[in-house]
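Residues per chain are reported as follows:
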Amino acid sequence: MRTLRTIVEVRAALADAPRPIGLVPTMGALHEGHLALLAQARGDCATVVMSLFVNPAQFAPGEDLAAYPRDEARDAALAREAGVDLLFAPGREELYPEGFDTRVVVGELSEPLEGACRGAAHFDGVATVVAKLLNIVAPAVAYFGQKDAQQALVIRRLVRDLDIPTVIEVCPTVREADGLARSSRNAYLTAAERRRAVGLSRALRSAAALIAGGERDGDAALAVARGELERHAIEPEYLALVDPETLAPVEHLDAPVLIAVAARVGRARLIDNLIATPGGA
Ligand code: AMP
């Protein structure tokens, strides 16, 4: 595995690398969720590129940019074990040099849920850096996690609208044994918070089970989920039933629905989601 820091080096290294090229964008602090994306890329592609960049443009002032866990040596070792061919780990100046002044804005999909909580600039930051990475690496396929469901939709729309010739693969959420979605931010949890954090996935699962059992009333499903959050002393930033493609709010359940939740547990801000399918439809 080669570690490269500049765009020029990456383009040169990939010029005659075996095709297809697969890209897995990450912010590091690798966990099983990232490793699943890398395994999928390794299985599909002749050349696997992983990017490692904690993208300042997607953090709002006051968020955890400075505290975000960083350990490049550990990440590089895990990437190497996972069969990554090229690790692209640029510095901030490489991607955002002096005078950088362009933003990629994906419209309505950026606005609800994470966009409403973290500010519209969050997904502008995501879309801008992903557009850059897709231009730099020019992968046939790029891999993202369903854990960040809204991000995956924003990126699918970005490549569609800008005619970027990359297939976006969205891989299932990898969870701990008790259901907690793997996240780099789980590292912020104390032992007691870690026990409470399971409330997010329990809330999603309780609502999904009710919906699968035939419940058609969105409010009833949300009430069950809210009860589970309360049992774990979790106050959600949002808990919502939305259309899995458009993110429009859903009240009557007659098609698959995305149940999405965000909550602070201690100093970690955690998100999770599930797609629930109405039973008996
Ligand atoms: P991050 O490093 O947090 O920006 O995540 C990099 C990629 O890994 C994104 O596409 C995430 O959606 C994905 N990812 C993060 N956590 C998980 C998880 N638990 N399961 C699957 N994919 C994940």
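Quick caveat, the model's predicted, so the values are computed rather than measured.

Colleague: Mind showing me how you'd approach the sheet that holds strand β3 (residues 47–52) here?
Modeller: As a general point, the strands of a sheet are linked pairwise by backbone hydrogen bonds and lie either parallel or antiparallel. Strand order across the open sheet formed by 6 strands is β1-β4-β3-β2-β5-β6, with parallel pairing between neighbours. Where the open sheet ends on each side, the last strands, each with one partner, are β1 (2–4) and β6 (167–171). Between one strand and the next, the sheet's axes are offset by a mean angle of 25 degrees, whatever the strand orientation. Where β1 meets strand β4 (residues 86–88), 3 bridges bridge the pair, whose relative direction is parallel. Of the residues in β4, the one forming a bridge with T3 is L87. Sitting on the sheet, helix α1 (residues 7–15) is in contact with β1, β2 (21–26), β3 and β4, with an inclination near 160 degrees to β4.

Colleague: Just checking my understanding: could you explain the nonpolar core for this structure?
Modeller: The nonpolar side chains of a soluble globular protein tend to be buried with one another. Within the largest apolar cluster, 45 residues are counted, with the highest numbers of intra-cluster contacts made by V10, L14, F88, L95, V130 and V137. Among the elements that make up this core, the one with the highest residue count is helix α6 (residues 121–137) (10 residues). Listed in part, the 30 residues of the second largest apolar core include M27, L204, L253 and L270.

Colleague: Looking at this model, I keep getting lost on the packing of α6 against helix α7 (residues 149–161). Mind explaining?
Modeller: Helix packing for two helices is described by the angle between their axes and how far apart those axes are. With their axes 10 Å apart at the nearest point, α6 and α7 run at an angle of 50 degrees to one another. Comparing the axis directions of α6 and α7 gives the class oblique. Read as a crossing pair, α6 and α7 show a hand that is right-handed. On the side of α6, the interface is formed by F123, V126, A127, V130, A131 and L134, while α7 contributes Q150, Q151, V154, I155, L158 and V159. Grouping the constituent residues of the contact of α6 with α7 by class yields 10 nonpolar, 2 polar and no charged.

Colleague: Help me out: how do you make sense of the side chain of S201 in this one?
Modeller: One can find S201 in helix α8 (residues 191–212). Sequence-distant contacts of S201, defined by excluding residues within four places in its chain, comprise R175, D178, G179, L180 and D272.

Colleague: Would you explain the sheet that holds strand β9 (residues 268–276) in this entry?
Modeller: Read from one edge to the other, the open sheet built from 3 strands follows the order β7-β8-β9, with strand pairing classed as antiparallel. Edge positions in the sheet fall to β7 (236–242) and β9, since each has one partner strand and no second. The sheet shows a mean angle of 10 degrees between the axes of neighbouring strands, direction not considered. Where strand β8 (residues 257–265) lies against β9, 9 bridges are found, and the strand directions are antiparallel. Paired with A263 across the bridge in β9 is L270. Where α8 meets the sheet, it contacts β7, β8 and β9, and its direction lies at approximately 160 degrees from that of β8.

Colleague: I keep staring at the pairing of β7 and nothing clicks. Help me out?
Modeller: Side chains on a regular strand alternate between the two faces of the sheet. Of all the 7 residues making up β7, 5 are buried; the element is thus mostly covered by neighbouring parts of the structure. Pairing of β7 with β8 involves 6 bridges; the strand directions are antiparallel. Pairing of V242 across the sheet is with L258, part of β8.

Colleague: Looking at this structure, how should I read the pattern of salt bridges?
Modeller: Side chains that differ in sign of charge can pair as their charged atoms come close. Within this structure, the stated rule accounts for 12 salt bridges. R185 is the partner of D64 in a salt bridge, and the nearest nitrogen-oxygen pair spans 2.8 Å. Residue D64 is found in the loop between β3 and α3 (72–81), and its partner R185 is found in the loop between β6 and α8; the two are separated by 121 residues along the sequence. An identical accessibility class is assigned to D64 and R185; each is buried. One salt bridge connects R74 with D75, and the closest N-O pair in it is separated by 3.6 Å. A relative accessible area of 2% means that D75 is categorised as buried. One network of salt bridges, in which partners are shared, links E114, E237, R264 and R269.

Colleague: Hey, could you run me through the site of the ligand in this one?
Modeller: Residues in contact with the ligand amount to 17 residues; listed here are only the nearest, M27, H34, D148, V174 and R182. In the environment of the ligand, an oxygen atom lies 2.8 Å from a nitrogen or oxygen atom belonging to the side chain of H34. At 2.9 Å, a backbone N or O of G145 approaches an oxygen atom of the ligand. Protein contact buries 93% of the 480 Å² of open area that the ligand shows by itself. Put simply, the parts of the chain that give the shell around the ligand at least two residues each are β2, α2 (32–44) and β5 (141–145). When residues in the shell around the ligand are grouped by element, the largest group, 3 residues, is from α2.

Colleague: Quick question: what am I supposed to make of the packing of α1 against α6 here?
Modeller: Contact geometry of α1 with α6 gives a least axis separation of 9 Å together with a crossing angle of 45 degrees. It follows that α1 is oblique to α6 by the angle criterion. Along its contact with α1, which presents I7, V10, R11 and L14, the element α6 presents N135, I136 and V137. Here the residues of the contact of α1 with α6 are counted per class, giving 5 nonpolar, 1 polar and 1 charged.

What counts as what
- Residues numbered from 1 in each chain as written.
- Predicted model: local features only at pLDDT ≥ 70, side-chain atom pairs only at ≥ 80, totals over all residues.
- Heavy atoms only, no water.
- Pairing = 2+ DSSP bridges.
- Helix = DSSP H or I, 4+ residues; strand = E, 2+ residues; numbered from the N terminus.
- Axes fitted to C-alpha atoms, helices over the stretch in contact; angles between N-to-C directions.
- Contact = heavy atoms within 4.5 Å.
- Core = buried A, V, L, I, M, F, W, Y, C linked by side-chain atoms within 4.5 Å.
- Buried < 20%, exposed > 50% of the residue type's maximum accessible area, 1.4 Å probe, protein only.
- Parallel < 35°, antiparallel > 145°, perpendicular 65-115°, else oblique.
- Left-handed = near helix turned anticlockwise from the far one by under 90°.
- Nonpolar A, V, L, I, M, F, W, Y, C, P; charged D, E, K, R; others polar.
- Salt bridge = Lys/Arg side-chain N within 4 Å of Asp/Glu carboxyl O.
- Near = heavy atom within 4 Å.
- Polar contact = N/O pair within 3.5 Å; in protein donor to acceptor, adjacent residues only side chain to side chain.
- Areas by Shrake-Rupley, 256 points an atom, 1.4 Å probe, with all protein chains shown as cover.

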